[in-house]
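# Breakdown of the fold
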Amino acid sequence: MNGIAITLRALHDGERHLEKDLLAAARRHRADHEVHHVATDVARWSHEHAERIARTAQHYGLDLSGPAGDAGPGLVAAVREKTAEALGRRPETGLLLLHDLRALHLAAAENSLHWEMLAQVAQATGEGRLLDLATACHPQTLRQMRWTNTTIKVLSPQLLSSV
């Protein structure tokens with residue numbers, strides 16, 4: 001497997017994980033309507049990215065059409081979700097939200113770096129198909145990062161000073 005295929009696989013896995021994590025955060029924080037709705041909306045982008053990556057990867061002999069490698073949310077995520085549900089809008093819920101937003105931001109940043117690497121190799125090798133993919137998807141990943149970053153900036157002062 002060459003470097004392009006490795007990067008496509010890593011990016012595909014990253015987008016699928018980000019989609020799953022965004023949807024889990026949306027469920028956990030459904031009492032915060034903005035977070036719930038925006039996280040659900042931007043999760044669709046990651047879903048679309050993963051589908052586009054899988055289609056493009058076929059041209060490089062890579063089959064990414066199988067089921068996601070992660071079967072479920074795991075024990076820690078389940079406990080976090082039940083805790084957020086029980087706490088409702090208490091300050092502790094805000095700390096859980098900040099934790100989730102931080103994790104989402106880092107996941108989106110990792111995907112962004114993969115998009116950047118893919119775009120660079122596409123330019124260097126003249127791979128128009130890869131460049132079109134990165135050009136179409138990377139801006140949405142950057143918007144996911146801006147949303148998490150902005151939300152953290154808005155919520156941090158009040159949430160961190162009220163605990």
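Everything below is about the structure printed above this text.
All of these numbers come straight from a predicted model, not from anything done at the bench. (Residues numbered from 1 in each chain as written. Predicted model: local features only at pLDDT ≥ 70, side-chain atom pairs only at ≥ 80, totals over all residues. Heavy atoms only, no water.)

In this structure the tally under the stated criterion is three salt bridges. Note that D100 is salt-bridged to R28, the shortest N-O span being 2.8 Å. With D100 in helix α4 (residues 91–125) and R28 in helix α1 (residues 3–28), this residue pair connects regions lying 72 residues apart in the sequence. A residue is classified by how much of its surface remains accessible, and D100, at 2% relative accessible area, is buried. For R44, the salt bridge goes to D41, with nearest N and O atoms at 3.0 Å. Taken together, the positions of R44 and D41, both in helix α2 (residues 33–58) and three residues apart, correspond to about one turn of that helix. You can call R44 partly exposed: its relative accessible area is 46%. Residue D41 is classed as partly exposed on the basis of its relative accessible area of 38%. (Salt bridge = Lys/Arg side-chain N within 4 Å of Asp/Glu carboxyl O. Helix = DSSP H or I, 4+ residues; strand = E, 2+ residues; numbered from the N terminus. Buried < 20%, exposed > 50% of the residue type's maximum accessible area, 1.4 Å probe, protein only.)

A separate point is α2. Here α2 spans 38 Å end to end across 26 residues, near enough to the 38 Å set by a 1.5 Å rise per residue. All buried positions along α2 are accounted for by V35, A39, V42, A43, W45, S46, H49, A50, I53, A54, T56 and A57. (Expected span 1.5 Å × (residues − 1).)

One way to put it is that α1 packs onto helix α5 (residues 128–161) with a least axis distance of 13 Å and a crossing angle of 35°. In terms of crossing hand, the pair formed by α1 and α5 is left-handed. Residues I4, L8, E15, L18 and L22 of α1 pack against L130, L133, T141, Q144 and W147 of α5. Classifying every residue of the contact of α1 with α5 by side-chain character gives seven nonpolar, two polar and one charged. (Axes fitted to C-alpha atoms, helices over the stretch in contact; angles between N-to-C directions. Left-handed = near helix turned anticlockwise from the far one by under 90°. Contact = heavy atoms within 4.5 Å. Nonpolar A, V, L, I, M, F, W, Y, C, P; charged D, E, K, R; others polar.)

Attention now moves to a nonpolar patch on the surface. Together, L95, L160 and V163 line one region of the surface with nonpolar side chains, adding up to about 280 Å² of accessible area. Take V163: it is sitting in the segment after α5. (Patch = residues over 30% accessible without salt bridge, like charges linked within 9 Å, V, L, I, M, F, W, Y side chains within 5 Å. Areas by Shrake-Rupley, 256 points an atom, 1.4 Å probe, with all protein chains shown as cover.)

Moving on: the side chain of H49. The topology assignment puts H49 in helix α2. Its relative accessible area of 1% is what places H49 among the buried residues. In terms of polar contacts, H49 uses its side chain to reach the side chain of Q140, at 2.7 Å. In this structure H49 touches E15, W115, C137, Q140 and T141, once residues within four positions along its chain are discounted. (Polar contact = N/O pair within 3.5 Å; in protein donor to acceptor, adjacent residues only side chain to side chain.)

Without other data, these values stay purely geometric and don't point to any function.
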